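Understanding the architecture of this molecule
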Amino acid sequence: MKIIYHEKYLTPYPTAGVENPDRIRSIYKSLSSSYAFLTPEPAAAADLLLVHSRRLIDEVARQPELYEVAALAAGGALLTAATAMAGEPAFGLLRPPGHHASPDSHWGFCFFNNIAIAVERLRRQGLIERALILDIDLHFGDGTDKFYARCQEVEVINIESSRRDQFLSEVQTALKVSRSCDIIGVSAGFDTYVKDWGGILQTEDYRQIGAWVKQAAAANCQGRRFALLEGGYYLPDLGKNCLAFLQGLE
Ligand SMILES: [Zn+2]
């Protein structure tokens, strides 16, 4: 397991106060003694254009500090997915998150759609044909869903139940789709946590979900799996939950 991280993810660019660098700090602290870290390069404009309009990219670029971090997050996603393709599971400890970024609009603390950019580059490079994107964040990943709405090759599944047992069984059902896929990418939000906004999942559930993703990838996708950080705002346990997920996933 490799963690993809850049210290510029701690940049305090203008966004909602709840989506702050302390989220990254608390996860980093929980992971730093257990894993090796890789440092990404920023995504090139050509990579951002795989998913986004020139207009949206220019809009973000009007805030140079924000653009730098957002392009680094997208670049982190590219490196995370490439690491998974090379045979090692990987987690992108990224900020800003991405799943609310659509081709020509963005909201919800997101600017560029990290996971879609990563999957699109693998597809354009001919490294994969089909992918499953599993979104376990509390919030519907509308940006990713919209981008892939008419795409037969990439299945996007958002888990939407607000009941713990049902949430977990929806994850298991969703992972059956990986039978026809070459890689599994997880939009990993931890705001489903019982003490976070969602009030649904326990720490052990994240470990279980990670383990199910690993099993499905091993059975169907030559083990290829990666995850990118989306939401998660309950700082005291955010690192613990992320670590549990990665221990299942590795
Ligand atoms: Zn969320």
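Parameters at a glance
Residues numbered from 1 in each chain as written. Predicted model: local features only at pLDDT ≥ 70, side-chain atom pairs only at ≥ 80, totals over all residues. Heavy atoms only, no water. Pairing = 2+ DSSP bridges. Helix = DSSP H or I, 4+ residues; strand = E, 2+ residues; numbered from the N terminus. Axes fitted to C-alpha atoms, helices over the stretch in contact; angles between N-to-C directions. Contact = heavy atoms within 4.5 Å. Salt bridge = Lys/Arg side-chain N within 4 Å of Asp/Glu carboxyl O. Buried < 20%, exposed > 50% of the residue type's maximum accessible area, 1.4 Å probe, protein only.

Glancing now at the sheet that holds strand 2 (residues 36-38). Spatially, 2-1-3-7-6-4-5 is the arrangement adopted by the seven strands of the open sheet, whose pairing is parallel. Two strands close off the open sheet at either side, each with one partner strand: strand 2 and strand 5 (154-158). Sheet twist, expressed as the average angle between the axes of neighbouring strands with direction ignored, equals 20°. Packed on one face of the sheet, helix 1 (residues 21-31) meets strand 1 (2-4), strand 2, strand 3 (90-92) and strand 7 (225-229) and runs near 140° to strand 7. Of the strands in this sheet, strand 1, strand 2, strand 3, strand 6 (183-188) and strand 7 touch helix 4 (residues 64-85), which is tilted by about 160° from strand 7.

Moving on: the pattern of salt bridges. Summed over all chains, the structure comprises 15 salt bridges. Here Lys-2 makes a salt bridge to Glu-88, at a shortest N to O gap of 3.1 Å. Here Glu-88 lies in the loop between helix 4 and strand 3 and Lys-2 lies in strand 1, a separation of 86 residues in the sequence. One salt bridge in this structure joins Arg-55 and Glu-59, with 3.1 Å as the shortest N-O distance. On the criterion of helical spacing, the pair formed by Arg-55 and Glu-59 is a turn pair, its members being four residues apart in helix 3 (residues 54-61). Look at Glu-59 and you get partly exposed, because its relative accessible area is 26%.

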